[in-house]
Structure formats: structure tokens, C-alpha cells
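A structural walkthrough
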Amino acid sequence: MASTTQPSELSISKTYNHQTHGQNDLFRHFALVWLAVNVIDAAPRRVRRALKGQEEALLKAVERYGFRIPILVKSKPGGERYEVIDGHTRLAAAKRLVAKTVPCIVVDDLSDVETRRLALSLNRLQEAGDWDPEALRLEVNEIIEISNDIRIPGFELPEIEAIRFGRENNIP
């Protein structure tokens with residue numbers, strides 16, 4: 001189950017200044033903040049949905065490795081609530097694990113239209129790329145050999161077997 005050893009529930013620490021970084025600052029400083037799960041809302045229009053089993057696989061990954069990737073959020077008008085830009089499935093997993101707070105990065109320095117573009121870009125870019133079958137086979141086999149554990153969250157057992165034994169047409 002989720003650990004509740006995160007910092008106390010909070011809205012956000014306003015210790016950063018959005019105005020000090022401009023649009024052309026490609027490597028802006030940002031703060032990792034812990035937000036209460038109950039003040040984070042899903043985006044009103046999700047353009048991409050999790051695949052069947054994806055939330056369950058992510059849940060298993062969080063249970064095994066901890067919550068390692070922050071949720072990207074934007075403050076809603078009034079500043080009391082936040083909206084997910086990237087991380088809906090991570091938020092759903094956190095809720096299922098009864099987390100009180102989650103790590104977030106607030107992107108209030110972007111305009112509304114730029115935030116929407118960012119959300120679309122991140123969703124599109126996450127589906128790009130191909131697996132290198134040989135590197136994947138070596139990595140999976142070494143992990144299994146070292147750990148003596150065939151389970152890898154996000155991969156079904158038939159997929160792992162196909163990868164291990166070089167049946168490339170069965171690679172995800």
C-alpha cells in the first residue's frame with residue numbers, strides 16, 4: 001500500500017517565481033511540490049485514454065518501485081485546485097493506493113494555449129519510438145538472470161517469453 005511518509009498535505013509552496021523565466025528559457029528551474037490528491041482534477045478533455053490493463057500495470061510498477069515520475073499540473077483559477085496536464089494514469093494509480101499526496105511539477109508559467117499544446121505533444125511523443133529487439137532481449141535476460149524474477153511491470157509473461165527467446169514479431 002502507499003506510504004504516507006510524504007510531506008504533509010499542502011496546496012503548494014509558492015517559493016518560485018514564474019515571472020523570472022521567459023518562454024525562451026529552455027531549461028527553466030522548477031519546483032517539485034507535493035500536492036494533496038484531492039485537489040487535483042483530471043483535464044476536462046482527455047485526448048488519450050489508458051489502454052486496458054495499463055492502469056493495473058502502472059499500479060504494479062508503483063507498488064514495486066515507488067512513485068517515481070511526478071504529475072504535471074497547472075493551477076486552476078482561484079489557485080486552490082490543480083488540473084492534470086500529464087499523468088492521469090499515475091494519479092489514478094495513486095488514488096487506488098490511497099495516497100494522500102503525490103509529487104507534482106506545476107507549469108503555471110505557460111499560457112493556457114501553450115499548456116494545451118504541451119499536453120498534446122507529450123501524449124504524442126510518448127507513443128513514438130521502436131524497440132531495439134536485440135538490446136531489449138539482452139536487458140530482459142540479464143535482469144531475470146540477476147534477480148531470478150521474470151516479472152516486469154508493464155510486460156505480460158507471454159511478451160517476456162517472446163522477448164527472451166527472440167520471437168521479434170511478438171515484441172510489444
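Residues numbered from 1 in each chain as written. Predicted model: local features only at pLDDT ≥ 70, side-chain atom pairs only at ≥ 80, totals over all residues. Heavy atoms only, no water.

**Details of helix H1 (residues 54-65)**
Keep this limit in mind: Each helix is a run of DSSP H or I of at least 4 residues and each strand a run of E of at least 2, with the numbering of both proceeding from the N terminus. In this analysis, the expected span of each helix is defined as 1.5 Å times one less than the number of residues it contains. Burial classes: relative accessible area under 20% of the type maximum marks a residue as buried, over 50% as exposed, and values in between as partly exposed (1.4 Å probe, protein chains only). Working rule for contacts: check all heavy atoms of both residues, and any pair within 4.5 Å makes them a contact.
Between its terminal C-alpha atoms H1 stretches 16 Å, which fits the 16 Å expected from 12 residues at 1.5 Å a residue. For H1, the full list of buried residues reads Ala57, Leu59, Ala61 and Val62. Looking at the buried residues of H1, the elements they touch are helix H2 (88-96). Immediately downstream of H1, the backbone of Gly66 shows phi near 90°, a positive value.

**Topic: the nonpolar core**
What counts here: The set of buried Ala, Val, Leu, Ile, Met, Phe, Trp, Tyr and Cys residues whose side-chain atoms join them within 4.5 Å is what this entry labels a nonpolar core.
Of all hydrophobic cores here, the largest spans 16 residues; its most connected members are Leu35, Ile40, Ile71, Val73, Leu91, Val102 and Cys104. At the level of secondary structure, the elements contributing two or more residues to this core comprise strand E1 (32-36), strand E3 (71-75), strand E4 (82-86), H2 and strand E5 (101-106). If near-sequence neighbours (up to four positions away) are discounted, Cys104 is found in contact with Ala31, Leu32, Val33, Leu35, Ile40, Pro70, Ile71 and Val73.

**Some words on the side chain of Asn123**
What counts, and what does not: Here a polar contact is taken to be a pair of N or O atoms separated by no more than 3.5 Å, where protein atoms must pair a possible hydrogen donor with a possible acceptor and residues adjacent in sequence count only if both atoms sit in side chains.
Here Asn123 shows up in helix H3 (residues 112-125). Judged by its relative accessible area of 18%, Asn123 is buried. A distance of 2.8 Å separates a polar side-chain atom of Asn123 from the backbone oxygen of Ala119. Setting aside anything within four residues of it in sequence, one finds Asn123 in contact with Val47 and Arg48.

**Concerning the sheet that holds strand E2 (residues 40-41)**
Cut-off, in case you're wondering: Pairing between strands is defined by DSSP: at least two bridges between them are needed. The convention used is that axes are lines fitted to C-alpha atoms, helices contributing only their stretch in contact, and that angles between N-to-C directions extend from 0 to 180 degrees.
Within the open sheet, the five strands sit side by side as E1-E5-E3-E4-E2. Their pairing is mixed. Each of the sheet's edge strands pairs with one partner strand only, and the pair in question is E1 and E2. Where E3 meets E4, four bridges bridge the pair, whose relative direction is antiparallel. Within E4, the residue paired with Lys74 across the bridge is Glu83. Seen against the sheet, H2 touches E2, E3, E4 and E5 and runs at an angle of roughly 125° to E4.

**Considering the packing of helix H4 (residues 133-147) against helix H5 (residues 157-164)**
Short version of the rule: Roughly parallel means an angle under 35 degrees; roughly antiparallel means over 145; roughly perpendicular covers 65 to 115; every other angle is labelled oblique. Helix crossings fall into two classes, left-handed where the near helix is turned counterclockwise from the far one by less than a right angle and right-handed where it is turned clockwise.
The contact between H4 and H5 brings their axes to 8 Å, and the two run at 110°. Here H4 is positioned roughly perpendicular relative to H5, judged by the angle of their axes. As H4 packs across H5, the resulting crossing turns out to be left-handed. Between H4 and H5, the contacting residues are Leu136, Arg137, Val140, Asn141 and Ile144 on the first element and Ile160, Ile163 and Arg164 on the second.

**Observations regarding the confidence of the model for the protein**
The criterion, for reference: Scored from 0 to 100, pLDDT records how confident the predictor is in each individual residue.
Per-residue confidence for the protein gives a mean pLDDT of 83, with 83% of residues at or over 70. When the criterion is pLDDT under 50, residues 1-21 qualifies, and its contacts beyond four places in sequence or with other chains add up to 33 contacts.

**Structural notes on the pairing of E5**
Burial runs high along E5: six of the six residues are buried. Here E1 pairs with E5 via five bridges, running antiparallel. Across the sheet, residue Ala36 finds its bridge partner in E5, namely Thr101. Note: E3 against E5, three bridges, orientation parallel. Residue pairing in the sheet places Val73 in a bridge with Val106 of E5.

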